[in-house]
Each structure stands twice: as C-alpha cells, then as structure tokens.
Amino acid sequence: MILKFNPVIRTEILLNSFFIHLCMEKQLTRIFEIKVKNTKAILDEVEKPSGATTRRLIIDYPHAITLIPLLNPETFILVKQFRYALKRETLEFPAGKVGPGETPEQAAIRELGEETGYKAEKFIKLTSYPPAMGYSSEIIHVFLTTGLTQSNVKVDPDEISQIVFKTKDELWDMIQHEPEVDPKILIGFLLGEKLGYF
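Before going into details, it helps to say that this report is about the structure given with it. (Residues numbered from 1 in each chain as written. Predicted model: local features only at pLDDT ≥ 70, side-chain atom pairs only at ≥ 80, totals over all residues. Heavy atoms only, no water.)

### Here's the deal with unusual backbone geometry
Phase 1 of the analysis: Backbone geometry at Lys 37 places phi at a positive 55°, although glycine is not the residue there.
Phase 2 of the analysis: With respect to the helices, strands and loops of the structure, Lys 37 is situated in the loop between strand S1 (26-36) and strand S2 (39-47).
Phase 3 of the analysis: With a phi angle near 60°, Lys 87 is a residue other than glycine that sits in the positive phi range.
Phase 4 of the analysis: Mapping Lys 87 onto the fold places it in the loop between strand S5 (75-83) and strand S6 (88-92). (Helix = DSSP H or I, 4+ residues; strand = E, 2+ residues; numbered from the N terminus.)

If you want it as structure tokens, here you go:
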C-alpha cells in the first residue's frame, strides 16, 4: 500500500504540535501535597511557555456522578444537603464520588439508593464534563434515571436532610429566578430537555 503525502495534513500536524508546545506548562517543584482519603490538594511551581514561573493549586479529585431522577414525565427528585464550603444547605440533583474499583454506572446505582431511597429500571448516560477545569481533575458523569421505585436503602440523615420533589415548571422557574443554582441542575436539566427526554 502506498501512502501519498498530503501537505494539508502535514501542516495541521505541525500547527497542532506547535499549539500543544505553546500551551504546555512544565512542573518545576512540588511545594505542597496533602491527601485525605482519595482526594489530594497539590501546590506546584510551574514554568510557563514564556519562561515565567507561577504556582498552580490543583485538587486531584476522583470522578463523580450526578443523577437526574425522573419520577414521572413531569416530576424530578432533588436533595437538600449541607455544603460545608458554602456554610449552608443547597438544593441539588443527587451526586457522589465514584468509589475505588467502581465504574460510573455502578456508582450511579449506589448513589441513587443512598441519597434518595429509590432504585431505577434504566440509567441513561447523557454526558461527562469537568466542573472546575481551572483547578480540579474531577470529571462528572451525568445519568438520567427512569422507572423509579422505592428501594430498601435508607437515606443517610448525616448527608441528606430532605428529599424534594419538583415539577419541570418549578425547575425552570428556579433556574431562571433563583441565584446560585447548582450547576449540575443547569447542565443536567437543560441537556436532558434538549435531547427530548422530558
């Protein structure tokens, strides 16, 4: 088989290589690292492409999942929980870390029971995204869940203070008028509607 030289492809390869080189930052020194369970906080000194140096704080965080629990075509399940970083309760779609040795799908099944007390017939993966790419390695996998029924799993009151049911119209109103809406709701709800799931 003869491979013909294509100058357009060659130019694209050269430009891509130049762009990657231009954007790379090189680690010089690890200044600080602390690990708590499966999460690390890291402070590095890095060299920019220009040769200047700066410091980068990174949260090395495991993958996570978020769920869009659709109880019926018009009703969603949300949870209230206390977020220590904000020092207040928040209203969110259920979510949690992917545990060691788990797949995102397995974590989704587990977290649905632990956070809502429900189980689902169907888990539909909608997307994955980095919620804080400027400083965190976390990737969130978004699942729509349907065919919900009560399970035997008890919700942990230390984690979830209240199960909340919202209609589609109520979620829309919350997105449009309430400040600081959970981004998992923004992404999950808007994407699910755009794809025609509800």
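So that's the structure; there's more coming.
### Structural notes on the side chain of Thr 145
Phase 1 of the analysis: Position of Thr 145 relative to the elements: it lies in strand S10 (residues 140-146).
Phase 2 of the analysis: For Thr 145, the contacting residues outside a window of four places in its chain are Leu 67, Ile 68, Pro 69, Leu 70, Leu 112, Ala 120, Lys 122 and Phe 123. (Contact = heavy atoms within 4.5 Å.)

### Quick word on the packing of aromatic side chains
Phase 1 of the analysis: Applying the stated rule across the entire model yields five aromatic pairs.
Phase 2 of the analysis: With a centroid separation of 6.4 Å and an interplanar angle of 45°, the aromatic rings of Phe 76 and Phe 93 are classed as tilted. One end of the pair, Phe 76, is in strand S5; the other, Phe 93, is in the loop between S6 and strand S7 (95-97), and 17 residues separate them in sequence.
Phase 3 of the analysis: The class of Phe 76 is buried, set by a relative accessible area of 0%.
Phase 4 of the analysis: On the basis of relative accessible area, Phe 93 is assigned to the buried category, the value being 0%.
Phase 5 of the analysis: On the numbers, 5.6 Å between centres and 70° between planes, the contact of Phe 76 with Phe 189 is edge-to-face. Taken together, the residues span a long stretch of sequence, with Phe 76 in strand S5 and Phe 189 in helix H4 (residues 183-194) at a distance of 113 residues.
Phase 6 of the analysis: Connected via pairs of aromatic rings, a cluster forms that spans Phe 76, Phe 93, Trp 172, Phe 189 and Phe 198.
Phase 7 of the analysis: Sitting over the face of the ring of Tyr 84, Lys 87 holds its NZ or CZ atom 3.8 Å from the ring centroid. (Phe/Tyr/Trp six-rings, centres within 6.5 Å; stacked < 30°, edge-to-face > 60°. Buried < 20%, exposed > 50% of the residue type's maximum accessible area, 1.4 Å probe, protein only. Lys NZ or Arg CZ within 6 Å of the ring centre and 35° of its normal.)

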